[in-house]
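# Architecture at a glance
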Amino acid sequence: MKRFQVDKSLCVQCGECVRDCVFGLITMEQGYPVLPADKESICIDCQHCLAVCKPGAVSILGLDPADSLPLDGELPDKGQMELLIKGRRSVRYFKPDPLPEETVDELLRIAAHAPTGVNVRGVEFIVVEDRVTMEGIRQETMEALQELASRDAIPDNLSVLKKMLPLMERGKDPIFREAPHLLIASAANHVPCREADVYIALSYFELLASSAGIGTTWCGLGKWALVDLAPHVLHKFGVPKNHDVAYLMLFGMPDVEYYRTVQRDKDIKIRRLRLVT
């Protein structure tokens, strides 16, 4: 049951929820919007009807429009977004202390609003919150790489991982950068847009964390080691076996400070498509 309801005392009969319904399921009956029962199974729970209703007359899934955040005049402006995007840096030096649990929960709760294909919401997060577990992952990763190297099973395109082993064996941490936290985002193999969904979710998390002064970095070495070469380690730490897409992100309070944006405006590569007439 989608529990689509309309408060007729608030509804102005504008039809915006009908016009914006992704699959055209909502119709007007006797002047008010209705979601027919025989079409409820097609609804993907996108909540566009709730969001587009200016007076807050439409409710779905039992949600109260009054509990949503208002958008009018509250969004960051273009200059603020430009500064956030250009000022974000990949942080590779972290302070050792973990973030408060409530801070991590808030970041994940908000980042979970990232869009997903067909609104499947299939991305799952595993977050490492303590030093002991992080050390366990470092150790497991080193042992997995040692075993692969002993069989000459690290492919040439990932040979950089071979160079990491001597450093790891000397107690260095070139893969996880001594970060206090690790975020693993994954999606099951039946999720239609799983790869894009994972990357989008982590992108949202990264920008949100940056806005709060929290450092992040995309852990590419960890992805190669644990997703491409030793997925059994990820499964051991809770990633379901039917999840064939995953990526890792390090985060924590940065132990480095940046004072200005970089300049990449000239790096942009654009090809403009114009139909020949």
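See the structure above.
Right, let's walk through the structure included here. (Residues numbered from 1 in each chain as written. Predicted model: local features only at pLDDT ≥ 70, side-chain atom pairs only at ≥ 80, totals over all residues. Heavy atoms only, no water.)

### Thoughts on the state of the cysteines
The full count for this structure, using the stated rule, is zero disulfides. Cys14 carries a free sulfur, and the closest cysteine sulfur to it, the one in Cys53, is 6.3 Å from it. (Disulfide = S-S within 2.5 Å.)

### Considering the packing of aromatic side chains
In the structure shown here, the tally under the stated rule is four aromatic pairs. Aromatic pair Trp218 and Tyr247: ring centres 5.5 Å apart, planes at 70 degrees, arrangement edge-to-face. With Trp218 in strand 7 (residues 215–218) and Tyr247 in strand 8 (residues 243–252), the pair connects residues that are 29 residues apart, well separated along the chain. Classification of Trp218 by relative accessible area gives partly exposed; the value is 26%. Residue Tyr247 is classed as buried on the basis of its relative accessible area, which comes to 14%. Through successive ring pairs, a cluster of aromatic residues spans Tyr199, Trp218 and Tyr247. The lysine or arginine in question, Arg177, covers the ring of Tyr93, its NZ or CZ lying 5.9 Å from the ring centre. (Phe/Tyr/Trp six-rings, centres within 6.5 Å; stacked < 30°, edge-to-face > 60°. Helix = DSSP H or I, 4+ residues; strand = E, 2+ residues; numbered from the N terminus. Buried < 20%, exposed > 50% of the residue type's maximum accessible area, 1.4 Å probe, protein only. Lys NZ or Arg CZ within 6 Å of the ring centre and 35° of its normal.)

### A look at unusual backbone geometry
Of note in this structure, Val118 is not a glycine but carries a positive phi near 55 degrees. Within the secondary structure, Val118 sits in the loop between helix 4 (101–111) and strand 5 (123–128).

### Describing the side chain of Thr217
Within the secondary structure layout, Thr217 lies in strand 7. Among all residues touching Thr217, those that are not within four sequence positions of it are Ser90, Val91, Arg92, Leu248, Met249 and Leu250. (Contact = heavy atoms within 4.5 Å.)

### Quick look at a nonpolar patch on the surface
On the surface, Val22, Phe23, Ile42, Val118 and Val120 cluster together into a nonpolar patch covering about 410 Å² of accessible area. Among the structural elements, Val22 can be located in the loop between helix 1 (16–20) and strand 2 (27–29). (Patch = residues over 30% accessible without salt bridge, like charges linked within 9 Å, V, L, I, M, F, W, Y side chains within 5 Å. Areas by Shrake-Rupley, 256 points an atom, 1.4 Å probe, with all protein chains shown as cover. Salt bridge = Lys/Arg side-chain N within 4 Å of Asp/Glu carboxyl O.)

### Observations concerning the environment of Lys95
Checked against the element boundaries, Lys95 lands in the loop between helix 3 (78–87) and helix 4. On a C-alpha basis, the gap between Lys95 and Cys43 in space is 45 Å, while along the polypeptide they are 52 residues apart.

### Structural notes on the nonpolar core
Formed by 32 residues in total, the largest nonpolar core has its most connected members in Leu145, Leu161, Ile175, Phe176, Leu182, Leu226 and Leu248. Residue assignment for this core shows that the elements contributing at least two residues are helix 5 (131–150), helix 6 (160–169), strand 6 (181–188), helix 8 (220–229), helix 9 (231–236) and strand 8. Per-element accounting of this core gives the leading share, six residues, to helix 5. Beyond its immediate stretch of four places on either side in the chain, Leu161 contacts Leu145, Ile175, Leu221, Trp224, Ala225 and Leu229. Of all hydrophobic cores here, the second largest spans 22 residues; its members include Val123, Leu202, Ala209 and Tyr247. (Core = buried A, V, L, I, M, F, W, Y, C linked by side-chain atoms within 4.5 Å.)

That is the geometry; function is a separate question.
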